[in-house]
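If you want the building blocks of each chain, they are given just below.
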Amino acid sequence: NFAGYNFTSGTSYAAPHVSGAAALLLQKNPELHHHEIKSLLLTTVEPVSDAYGLEFSVHEAGAGRLDIENAYNAKLIIEPPNFVAFASSDNKVVQKHLKLKTIDGSFGGNFDVTFDGPKFIKFDEEHLEKNILNVKLSVLEDNFGEHEGKIRIYHEGIQYVIPFILHYTPGSISIVQQNDKLLFDIYHPEEWSFAKISITNSKDGRTGTTTTTPDKVASIDVYENAEYWIDAKIRVDGNTSNAFSVIEINSLNENQDRVGFIEMPERQILIVSIAVIGIAVFGLIKRK
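Notes on the structure in this doc start here. (Residues numbered from 1 in each chain as written. Predicted model: local features only at pLDDT ≥ 70, side-chain atom pairs only at ≥ 80, totals over all residues. Heavy atoms only, no water.)

Re the overall build of the chain
Scanning the chain from N- to C-terminus turns up 5 helices and 15 strands. Counting all 288 residues of the chain, 35% fall into the buried class. In the structure as shown, the chain presents an accessible area of about 17,700 Å², 52% of it carried by carbon and sulfur atoms. (Helix = DSSP H or I, 4+ residues; strand = E, 2+ residues; numbered from the N terminus. Buried < 20%, exposed > 50% of the residue type's maximum accessible area, 1.4 Å probe, protein only. Areas by Shrake-Rupley, 256 points an atom, 1.4 Å probe, with all protein chains shown as cover.)

Have a look at this one:
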């Protein structure tokens, strides 16, 4: 037998480590809420690198490797502990608000903020009131694609890291809510002919789809208050270009006898099915 280390991945060993860390945090501070424990665990991690010292991406390693000592000694809760942002050629500025507070509910002490990311993304931060950090990301070049970055906050000897992913796309999709209906508007700097729009309920992963053309208004009905993720695949000169967005719905009356949105293809199938059944029943009655 040879002693050594093995690099692997999986939940079998990760789950008990994270569960134990959460238990330690609750033992120290029983009043912590689950989202606050999540923040402490995610923002105090250590980066994960390969054998050559190159740091893995967020997709490969998530926020990083759990550091129980850092999480246990941490006093600052940051919400959200990570985020996904969307920018496009017609809207190159993204703004996010980070809520900062100490475990005892107050906010005190000095802290510094730095940015680690692509050079073509300009970072600005401004304090609003006493516990809100307003973050602004401005795209300076048309470098379309998915980009990663990290916002680092230093507070009382501990570094907190908020990773983010920025999707920068040529086109964009905007959403307007009208009661239980979402209306979509597609923009692209080039002439586009067709778009497929997918919407995902962040609570349960259920999806709905619809299609649109430049002369058509696309819409999908929703019946549950939730955060919805929007993905548009825009057809431009034989190629497909993506656009992303997100919308938070919190004004619906969920007491209605409805269970969710119906995907457009299913809606069409439902209408056709009802028509076929109606014709069949009418034919039987007429025969009798």
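Concerning the packing of aromatic side chains
Taken as a whole and assessed by the stated rule, the structure comprises 5 aromatic pairs. Ring centres 5.1 Å apart and planes at 5° place the aromatic pair Phe115 and Phe123 in the stacked group. Phe123 sits in the buried class, given a relative accessible area of 16%. Consider the rings of Phe144 and Tyr168, whose centres lie 4.8 Å apart with planes at 25°: the pair is stacked. Of the two residues, Phe144 is situated in the loop between strand E6 (132–139) and strand E7 (145–155) and Tyr168 in strand E8 (residues 158–169); the sequence distance between them amounts to 24 residues. Taking the relative accessible area as the measure of exposure, Phe144 reaches 36% and is therefore partly exposed. An aromatic cluster of three or more residues is present, and its members are Phe83, Phe115, Phe123 and Phe164. Between the NZ or CZ atom of Lys28 and the centre of the ring of Tyr72, over which it lies, the distance is 4.4 Å. (Phe/Tyr/Trp six-rings, centres within 6.5 Å; stacked < 30°, edge-to-face > 60°. Lys NZ or Arg CZ within 6 Å of the ring centre and 35° of its normal.)

Some details on the pattern of salt bridges
Per the stated rule, a full pass over the model turns up 9 salt bridges. Among the salt bridges present, the one from Lys75 reaches Glu156, with a minimum N-O distance of 3.4 Å. With Lys75 in the loop between helix H4 (68–73) and strand E1 (76–79) and Glu156 in the loop between E7 and E8, this pair connects stretches of sequence that are 81 residues apart. Note that Asp204 is salt-bridged to Arg206, the shortest N-O span being 3.2 Å. Judged by relative accessible area, Arg206 falls into the partly exposed class, the value being 40%. (Salt bridge = Lys/Arg side-chain N within 4 Å of Asp/Glu carboxyl O.)

Quick word on helix H1 (residues 11–28)
Compared with an ideal rise of 1.5 Å per residue, which puts 18 residues at 26 Å, H1 spans 25 Å between its outermost C-alpha atoms and is within 8% of the ideal. Of the positions making up H1, those classed as buried are Ala21, Ala22 and Leu25. Down the axis of H1, the buried side of the element spans an arc of 100°, and every buried residue falls inside it. In H1, those exposed residues whose orientation departs by more than 90 degrees from the buried face are Ser12, Tyr13 and Gln27. On the buried face of H1, the contacting elements are helix H2 (34–43) and H4. (Expected span 1.5 Å × (residues − 1). Arc of directions from axis to C-beta. Contact = heavy atoms within 4.5 Å.)

Considerations on the side chain of Ser241
Relative to the assigned elements, Ser241 resides in strand E15 (residues 239–249). For Ser241, a relative accessible area of 13% puts it in the buried group. Apart from the residues within four sequence positions on either side, Ser241 is in contact with Pro170, His188, Ala232, Lys233 and Ile234.

Let's talk about the pairing of strand E12 (residues 207–212)
Relative to E12, strand E11 (residues 194–201) is paired through 6 bridges, and the arrangement is antiparallel. The residue bridging Lys196 from the neighbouring strand is Thr211, located in E12. Where E11 folds back onto E12 in an antiparallel hairpin, the turn is made up of 5 residues, including Gly205, whose phi is positive at roughly 80°. (Pairing = 2+ DSSP bridges.)

As far as function goes, none of this settles anything; it's purely spatial.
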